[in-house]
Amino acid sequence: MTDEFERIFGAAPTGVWAAPGRVNLIGEHTDYNDGFVLPIALPHSVRVTAAPRTDGRLRLYSAQGDDRITDLPVAGLAPGAVASWAGYPAGVVWALREAGYQVGGADLYFDSDVPSGAGLSSSAALECATATAYRDLYELDLAPAELAVLSQRAENRFVGVPCGVMDQMASACCAEGAALFLDTRDLTQRQVPFRPGEQGIDLLVIDTRVKHDLGDGAYAALRAGCERAAELLGLAALRDLPVEGLSRALAALPAELGPLVRHVVTENGRVARAVELLDKGEFAALGPILTEGHASLRDDFEVSCPETDLAVATAVSAGALGARMTGGGFGGSVIALVPQQLTGTVEQAISAAFQAAGYAEPATFTATAAAGAHRVG
Ligand code: ADP
Ligand code: MG
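No experiment lies behind these values; they were computed from the predicted model shown.

Student: Can you lay out the overall build of the protein for me, pointing to particular residues and giving the numbers?
Tutor: Within the protein, the regular secondary structure consists of 11 helices and 13 strands. Scaling as 2.2 N^0.38, a compact globule of 377 residues should have a C-alpha radius of gyration of about 21 Å, and the protein matches this with 21 Å. Dimensions of the protein along its principal axes, counting C-alpha atoms only, are 60 × 50 × 40 Å. For the protein, the share of sequence-separated contacts (at least 6 apart) that also reach a separation of at least 24 residues comes to 72%. For the protein, the computed accessible surface area is about 14,600 Å², with 49% contributed by carbon and sulfur atoms. Positive and negative side-chain charges of the protein, numbering 27 and 46 respectively, have mean locations separated by a distance of 3 Å.

Spelled out as structure tokens, the structure:
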């Protein structure tokens with residue numbers, strides 16, 4: 001990557017940084033309800049080779065981008081000004097400056113093996129790689145959680161995507177061999193050991209390679225529905241509704257909001273149960289919680305799609321201990337916990353089922369819990 005940097009920018013870089021993509025084990029659509037999530041960082045990451053500049057220019061190039069350098073004046077960055085992929089890193093620089101950090105320009109060369117748009121958080125990886133490089137280039141006193149929040153602000157305000165904070169927290173704060181148990185209300189976090197391989201269990205990731213267009217508008221509508229339900233219930237957020245209060249709440253709410261509330265409340269409960277099991281090292285017992293979570297996303301939250309439903313059903317019937325879609329939904333990826341001797345069988349069953357249904361061949365890989373954003377060279 002140093003060679004590429006020099007070829008593109010004509011000078012030597014200062015260093016190389018990496019920020020990972022993620023899969024969320026359980027706790028979906030809870031992060032914008034002040035709830036709980038449990039992601040792991042993937043071994044896949046966005047790498048950025050970088051050098052500071054003294055002339056106030058931000059120059060951006062991605063090996064997966066548009067074959068050109070995007071050259072922006074740092075002082076002129078404003079929400080909505082950058083329409084391309086470059087809005088994610090430019091937004092991070094904007095967010096740093098908005099937060100009072102005196103940062104100038106830089107040359108940034110990106111290269112990534114996080115599949116883009118697959119629900120594995122390539123966008124958060126791109127942002128957190130940028131923020132981590134800037135932290136070191138400009139010697140900022142920036143803790144991982146703060147770096148994540150600024151990255152989220154870049155995506156919310158600069159790019160205009162109303163995402164919660166999970167993806168950026170996962171990319172910035174995860175530890176190797178652990179899942180990040182995160183309370184998205186106050187960002188308190190705990191690393192929970194997650195090494196299912198030691199018990200002969202694979203975490204299989206199935207990228208369905210579909211992304212349904214309706215996802216973008218639907219996400220904002222779901223978010224608004226959850227906020228409306230909390231308001232009607234007199235709560236700050238749906239996180240404040242305990243499971244014992246669920247049936248009374250459902251009786252009080254308009255029919256269309258009930259299933260949303262039921263998903264969020266039961267999903268927070270599934271995170272708590274999952275953490276208890278992981279603390280005891282009972283990885284196999286996590287399987288049924290995943291499958292239960294998928295049913296809730298499919299039937300109550302209605303964010304699954306035929307491809308993810310087929311991958312989950314096929315994985316489970318081929319011997320997976322449990323499976324669910326991960327990420328926002330309307331396509332993207334599925335995770336499955338699989339006894340290692342059955343991983344090949346499950347992969348083949350999914351491939352055959354997709355072929356029979358006329359869907360494109362999915363991409364599958366096994367994942368271990370990797371480290372969050374860090375300097376690599
Ligand atoms: P996800 O985060 O699930 O991968 P998003 O739609 O949130 O999906 O983010 C995908 C977008 O992030 C891409 O359309 C592109 O703009 C940007 N992106 C991700 N990875 C890269 C990369 N390596 N180079 C350039 N842009 C990227
Ligand atoms: Mg994203």
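After that view of the structure, there is still more to cover.
Student: Which residues make up the nonpolar core, and what values do they have?
Tutor: Membership of the largest hydrophobic core comes to 82 residues, with the highest contact counts inside it found for Leu-38, Leu-58 and Phe-194. With eight residues, the single largest contributor to this core is helix H3 (residues 122-137). For this core, the domains that each give at least three residues are domain 1 (2-191) and domain 2 (194-367). For Leu-38, the residues in contact, after removing those within four places along its chain, are Asn-24, Leu-25, Ile-26, Ala-179, Leu-180, Phe-181, Val-271, Ala-274, Val-275 and Leu-278. Counting residues in each nonpolar core, the second largest holds 37 residues, with Tyr-32, Cys-226, Leu-241 and Val-312 among its members.

Student: Describe in detail the pattern of salt bridges, supporting the description with residues and values.
Tutor: Tallying each qualifying case throughout the model produces 20 salt bridges. Glu-28 is the salt-bridge partner of Arg-324, the closest N and O atoms lying 2.7 Å from each other. Separated by 296 residues along the polypeptide, Arg-324 in strand S10 (residues 322-326) and Glu-28 in the loop between strand S1 (15-24) and strand S2 (36-37) bring together distant segments of the chain. In this pair, the class of Arg-324 matches that of Glu-28, namely buried. Close ionic contact of Asp-300 with Arg-262 constitutes a salt bridge, the shortest N to O distance being 2.8 Å. Taken as a pair, Asp-300 in the loop between helix H9 (286-299) and helix H10 (306-317) and Arg-262 in helix H8 (residues 258-279) lie far apart in primary sequence, 38 residues in all. Since its relative accessible area comes to 14%, Asp-300 is described here as buried. Arg-262 gets classed as partly exposed once you look at its relative accessible area, which sits at 31%. The structure contains a network of salt bridges with shared partners spanning Glu-28, Glu-267, Arg-270, Arg-273, Glu-292 and Arg-324.

Student: Run through the state of the cysteines, naming residues and quoting values.
Tutor: Here the structure, examined in full by the defined rule, presents zero disulfides. Here Cys-173 stays free of any disulfide, with the sulfur of Cys-174 as its closest cysteine sulfur at 7.5 Å.

Student: Which residues make up the sheet that holds strand S7 (residues 178-183), and what values do they have?
Tutor: Pairing within the open sheet is antiparallel, and its three strands lie in the order S2-S7-S8. A strand with exactly one partner marks an edge of an open sheet, and here the two such strands are S2 and strand S8 (189-193). Bridging between S7 and S8 involves five bridges; their strand directions are antiparallel. Across the sheet, residue Ala-179 finds its bridge partner in S8, namely Val-192. Each of S2, S7 and S8 is contacted by H8, which is oriented at about 50° to S8, the strand it contacts most.

Student: I'd like to hear about the layout of surface pockets, residue by residue, with values.
Tutor: Taken as a whole, the largest pocket spans an internal volume of roughly 1,100 Å³. In terms of lining residues, the largest pocket is bounded by 45 residues, among which Gly-117, Gly-119, Ser-123, Glu-155 and Lys-211 are the most central. At the level of elements, strand S6 (105-112), H3, helix H5 (166-173), strand S9 (201-211), helix H6 (215-232) and strand S11 (331-339) are the ones that each hand at least two residues to the lining of the largest pocket. There are two domains that each give the lining of the largest pocket at least three residues, and those are domain 1 (2-191) and domain 2 (194-367). Of the pockets and cavities examined, the second largest pocket occupies roughly 150 Å³. The wall of the second largest pocket is formed by 13 residues, among which Arg-195, Pro-196, Gly-197, Ala-367 and Thr-368 lie closest to the centre. The element contributing the most residues to the lining of the second largest pocket is S9, with three residues. Tallied by class, residues from the lining of the second largest pocket come to six nonpolar, four polar and three charged.

What counts and what doesn't
Residues numbered from 1 in each chain as written. Chains lettered and ligands numbered in written order. Predicted model: local features only at pLDDT ≥ 70, side-chain atom pairs only at ≥ 80, totals over all residues. Heavy atoms only, no water. Helix = DSSP H or I, 4+ residues; strand = E, 2+ residues; numbered from the N terminus. Rg over C-alpha atoms; globule rule 2.2 N^0.38 Å. Contact = heavy atoms within 4.5 Å. Areas by Shrake-Rupley, 256 points an atom, 1.4 Å probe, with all protein chains shown as cover. Lys, Arg positive; Asp, Glu negative; His and termini not counted. Charge placed at Lys NZ, Arg CZ, Asp CG, Glu CD. Core = buried A, V, L, I, M, F, W, Y, C linked by side-chain atoms within 4.5 Å. Buried < 20%, exposed > 50% of the residue type's maximum accessible area, 1.4 Å probe, protein only. Domains from an automatic or database assignment. Salt bridge = Lys/Arg side-chain N within 4 Å of Asp/Glu carboxyl O. Disulfide = S-S within 2.5 Å. Pairing = 2+ DSSP bridges. Axes fitted to C-alpha atoms, helices over the stretch in contact; angles between N-to-C directions. 1 Å grid on protein atoms, 1.4 Å probe; cavity = no way out; pocket = protein on both sides within 12 Å on 5 of 7 lines; lining within 4 Å. Points joined across faces, edges and corners; volume = space filled by probe spheres on them. Nonpolar A, V, L, I, M, F, W, Y, C, P; charged D, E, K, R; others polar.

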